[in-house]
Amino acid sequence: MERTLRLLQRITTGVLLFPSAALLIFAYLSATRPNHTAAEAAVLLVLGLALLPLNWIAWNWVVRIRMARQPGADPTTPAARLSRSPYLAIVPVLLGLGLLRLANGVNARVRDDGALESMRRACVESAVKTATVSAINPSSAEVKARIDRYCGCVVTGVKTQYSAAELAQLDGLSAGELEGERRFNRLLETCASSVAPR
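Residues numbered from 1 in each chain as written. Predicted model: local features only at pLDDT ≥ 70, side-chain atom pairs only at ≥ 80, totals over all residues. Heavy atoms only, no water.

*Asks:* Break down the overall build of the protein chain for me, with residues and values.
*Replies:* Each helix and strand in the protein chain was counted, giving eight helices and zero strands. Across the protein chain, helices and strands are ordered from the amino to the carboxyl terminus as α-α-α-α-α-α-α-α. Put simply, the protein chain has 198 residues, and 24% of those count as buried. Of the contacts formed within the protein chain by residues at least 6 apart in sequence, a portion of 61% connects residues at least 24 apart. Put simply, the protein chain shows about 13,300 Å² of open surface, and 65% of that area lies on carbon and sulfur atoms. (Helix = DSSP H or I, 4+ residues; strand = E, 2+ residues; numbered from the N terminus. Buried < 20%, exposed > 50% of the residue type's maximum accessible area, 1.4 Å probe, protein only. Contact = heavy atoms within 4.5 Å. Areas by Shrake-Rupley, 256 points an atom, 1.4 Å probe, with all protein chains shown as cover.)

*Asks:* So, the state of the cysteines: which residues are in play, and what are the values?
*Replies:* Enumeration over the complete set of coordinates arrives at two disulfides. A sulfur-sulfur distance of 2.1 Å marks the disulfide that ties C153 to C191. Across the disulfide from C153 to C191, rotation about the S-S bond amounts to roughly -80 degrees, and the bridge is consequently left-handed. Placement of the pair is C153 in helix α5 (residues 141-161) and C191 in helix α8 (residues 182-195), with a sequence separation of 38 residues. Numbered by position along the chain, the disulfide-linked cysteines of the protein chain connect as 1-2, 3-4. (Disulfide = S-S within 2.5 Å.)

*Asks:* Go over the pattern of salt bridges with me, naming the residues and quoting the values.
*Replies:* Taken as a whole, this structure holds one salt bridge when the rule is applied. Measuring nitrogen to oxygen at the nearest pair gives 2.7 Å for the salt bridge that ties R120 to D148. Of the two residues, R120 is situated in helix α4 (residues 90-133) and D148 in helix α5; the sequence distance between them amounts to 28 residues. (Salt bridge = Lys/Arg side-chain N within 4 Å of Asp/Glu carboxyl O.)

Below is the structure:
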């Protein structure tokens, strides 16, 4: 039985190499992109580094507990006492649910940040087109700064005023549908007035 458990320990560790590497890559991307927080990068880094050791330690305890249940095992060891606990089966379930919730939260944050980044790019492109049509040079430093402030205001406003579900719905709207979105249009007007020349 111990050999089987040790084999499973090695297999699961090998399988977890891929999500662990993905978490480390996401941590690097979060740390090097301005639209991600340092806390997000730190959480991803800790998860990526801790996943393999935690799996290895968990399997070590599974082996110890299994051995503690064998006839002739010392009943005073921590593994033997733990094996008699009625709540033993709940602990890995709770840990798994906690990790899933954390991963889901990080995934939702990455998805929302992607939608906001896409919105910012679309905003800059639209503002450049509007400036060009109005015979304003969009390459000048002053106009670039105003466009950057305006689009930053729009993205910040959307981030603070819309829930994750509303943001996903807003991201799926066409340009024509966005024109009929009153709250979004009020936000655009507020941002336009905040960057208008005095």
